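# Structural features, examined
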Amino acid sequence: MAITIGIIGGTGVYDPAMLENPREESVETPYGSVTVSIGTYRGKELAFLPRHGRQHSIPPHLVNYRANIRALKKLGVKTVLATAAVGSLNPSMKPGELVFVDQFLDFTRSRVQTFYEGGPEGVVHVDMTEPYCPQVREVLFRAGRTLRLPVHNGGTYVCTEGPRFETPAEINMLRQLGGDLVGMTGVPEVVLAREAEMCYATIAVVTNFAAGISPSRLSHDEVVAMMAENAANLRSLILQAVAWLDEERSCACHWAVTGPVAPGR
Ligand code: HPA
């Protein structure tokens, strides 16, 4: 059976419990080896990968994004569902709500963002008009509405370098630039998935209002506690979406680098 759906678990999502009969597999890539849990759900084979490691031991700026995406690609994954804990800059996106992100602003500083570094690989300038697969996003939104979860279809995710939280002045600036949500891991993951020609969607879980908007100081414990509160919702959302996802899609994700195949070619 082909593994076509990959789930990248962010903060608070370390457990492959959503899979039936999970087994661990080590996948070798040019960027290092990656341990992936593989299991089934409703007859579909899924791969699960905790972005920060099982014990949250890898900080956002040191995640091996290239190895993770390449490992999923090597397994045959065509669709990636990524979870992300985020702070909110938008009063209408409240803690406990879920947002299916449709755009991003990149404020990372130290991360390699490409598989194409010249040489035999060549140079690629991948299109980012629709960084997140609109069709997978629609399935997620439909699943969220069906389950009566508090969901938003679309939102601009700002990726900061971390691992520190932002200052209120930064949040004020990011809000004026059009950001709705802030997190530390969305980029370059989404970029690399696009270079790998996979459909990629982010399920952002709002865990807090961002610094200066929140009445209290931020802490990682607060983020983890909020993720734990939302774990059951997240799990049912993912499983409903997995049940509905089919492989035939007319989006541009699967030819983002190679270009569309001309009719008759
Ligand atoms: N900022 C950055 N990353 C985050 C936040 C935040 O407020 N909350 C959860 N992840």
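One structure accompanies this document, and this report is about it.

Bringing the environment of Cys 159 into the picture now. You can see Cys 159 is positioned in strand β9 (residues 156-160). Residue Cys 159 is classed as buried on the basis of its relative accessible area of 0%. Along the chain, Cys 159 and Gly 122 lie 37 residues apart, while their C-alpha atoms are 27 Å from each other. With residues up to four places along the chain from it excluded, the contact list for Cys 159 reads Leu 105, Asp 106, Phe 107, Thr 108, Arg 111, Gly 183, Met 184, Thr 185, Gly 186 and Val 187.

This brings us to the nonpolar core. Counting 39 residues, the largest nonpolar core has Val 36, Ile 69, Tyr 157 and Leu 181 as the members making the most contacts within it. Sorting the residues of this core by element identifies β1 (3-9), β3 (32-41), β4 (44-50), α1 (65-75), β5 (79-88), β9, α4 (186-195) and β11 (199-209) as the ones contributing at least two each. Counting residues per element, this core draws most heavily on α1, at six residues.

Moving on, we come to the pairing of β3. Counted residue by residue, β3 has seven buried out of ten residues, so it is predominantly covered. Here strand β2 (residues 20-29) pairs with β3 via eight bridges, running antiparallel. Each residue of the ladder has a partner; that of Glu 20, found in β3, is Thr 40. With antiparallel pairing between neighbouring strands as the criterion, β2 and β3 make up a hairpin whose turn holds two residues. Bridging between β3 and β4 involves five bridges; their strand directions are antiparallel. Paired with Gly 39 across the two strands is Leu 46, which belongs to β4. Hairpin connection from β3 to β4: two residues lie between these consecutive antiparallel strands, with Arg 42 at a positive phi of about 45°.

Our focus in this paragraph is the site of the ligand. As a matter of local geometry, the ligand sits amid Ala 85, Val 86, Gly 87, Phe 165, Glu 166, Val 182, Gly 183, Met 184, Thr 207, Asn 208, Leu 218 and Val 223. One of the backbone N or O atoms of Gly 87 is found 3.2 Å from a nitrogen atom in the ligand. At 2.7 Å from a nitrogen atom of the ligand is found a side-chain nitrogen or oxygen belonging to Asn 208. Burial of the ligand by the protein amounts to 95% of the accessible area it has alone, namely 260 Å². Of all the elements in the fold, those that place two or more residues in the shell around the ligand are β5, β10 (181-183) and β11. No other element matches the three residues that β5 contributes to the shell around the ligand.

Turning our eyes to something else, we now look at the pattern of salt bridges. In total, this model carries six salt bridges according to the counting rule given. Linking Glu 45 and Arg 23 is a salt bridge whose minimum nitrogen-to-oxygen distance equals 3.2 Å. Taken together, the residues span a long stretch of sequence, with Glu 45 in strand β4 and Arg 23 in strand β2 at a distance of 22 residues. For Arg 23, a relative accessible area of 39% gives the class partly exposed. Its salt-bridge partner being Glu 117, residue Arg 66 comes within 3.3 Å of it at the nearest N-O pair. One end of the pair, Arg 66, is in helix α1; the other, Glu 117, is in the loop between β7 (103-107) and α2 (134-146), with 51 residues separating them in the sequence. Take Arg 66: its relative accessible area is 15%, and that puts it in the buried class. Through salt bridges with shared partners, one network takes in Arg 23, Glu 25 and Glu 45.

Per the stated rule, a full pass over the model turns up three aromatic pairs. Geometrically, the ring pair formed by Phe 104 and Tyr 132 is edge-to-face, given 6.4 Å between the ring centres and 85° between the ring planes. Of the two residues, Phe 104 is situated in strand β7 and Tyr 132 in the loop between β7 and α2; the sequence distance between them amounts to 28 residues. Here Phe 104 falls in the buried class, since its relative accessible area comes to 19%.

Another point: unusual backbone geometry. A cis amide bond links Gly 162 to the next residue, Pro 163, at an omega of -5°. In this structure, the amide linkage connecting Val 187 to the following residue, Pro 188, adopts the cis form with an omega of 15°. In this fold, Pro 188 is placed in helix α4. One non-glycine residue, Arg 42, adopts positive backbone phi at about 45°. Relative to the elements of secondary structure, Arg 42 occurs in the loop between β3 and β4. For Arg 42, a relative accessible area of 57% corresponds to the exposed category. The backbone of Arg 148 sits at a positive phi, close to 60°, despite the residue not being glycine. Classification of Arg 148 as exposed rests on a relative accessible area of 77%.

Cut-off values and rules
Residue positions are counted from 1 within each chain, in the order its sequence is given. Restriction of local features to residues with pLDDT of at least 70 applies here, the model being predicted, together with a cutoff of 80 or more for giving and counting side-chain atom pairs; totals for whole chains, interfaces and linings are based on all residues. In computing side-chain values, all of the structure's heavy atoms are included and hydrogens and water are not. For helices the rule is a DSSP run of H or I covering at least 4 residues; for strands it is a run of E covering at least 2, with both sets numbered from the N terminus onward. Accessibility here uses a 1.4 Å probe with only protein chains present; expressed as a share of the type maximum, an area under 20% marks a residue as buried, one over 50% as exposed, and anything in between as partly exposed. It only takes one pair of heavy atoms within 4.5 Å for two residues to be counted as in contact. Throughout this description, the term nonpolar core refers to a set of buried Ala, Val, Leu, Ile, Met, Phe, Trp, Tyr and Cys residues connected via side-chain atoms within 4.5 Å. Two strands qualify as a pair provided that DSSP identifies no fewer than 2 bridges between them. For this purpose, a residue is taken to be near a molecule or strand whenever a single non-hydrogen atom of the residue falls within 4 Å of it. Between N or O atoms, a polar contact is any pair within 3.5 Å; within protein, one atom must be a potential hydrogen donor and the other a potential acceptor, and residues adjacent in sequence are included only when both atoms are from side chains. Accessible areas in this description were obtained via Shrake-Rupley with a 1.4 Å probe; residue shielding takes into account the shown protein chains only. When a carboxyl oxygen of Asp or Glu lies within 4 Å of a side-chain nitrogen of Lys or Arg, that pair is called a salt bridge. Two aromatic rings, drawn from Phe, Tyr or Trp (for Trp, its six-membered ring), form a pair once their centres lie within 6.5 Å of each other, and the interplanar angle then sorts them: stacked below 30 degrees, edge-to-face above 60, tilted otherwise.

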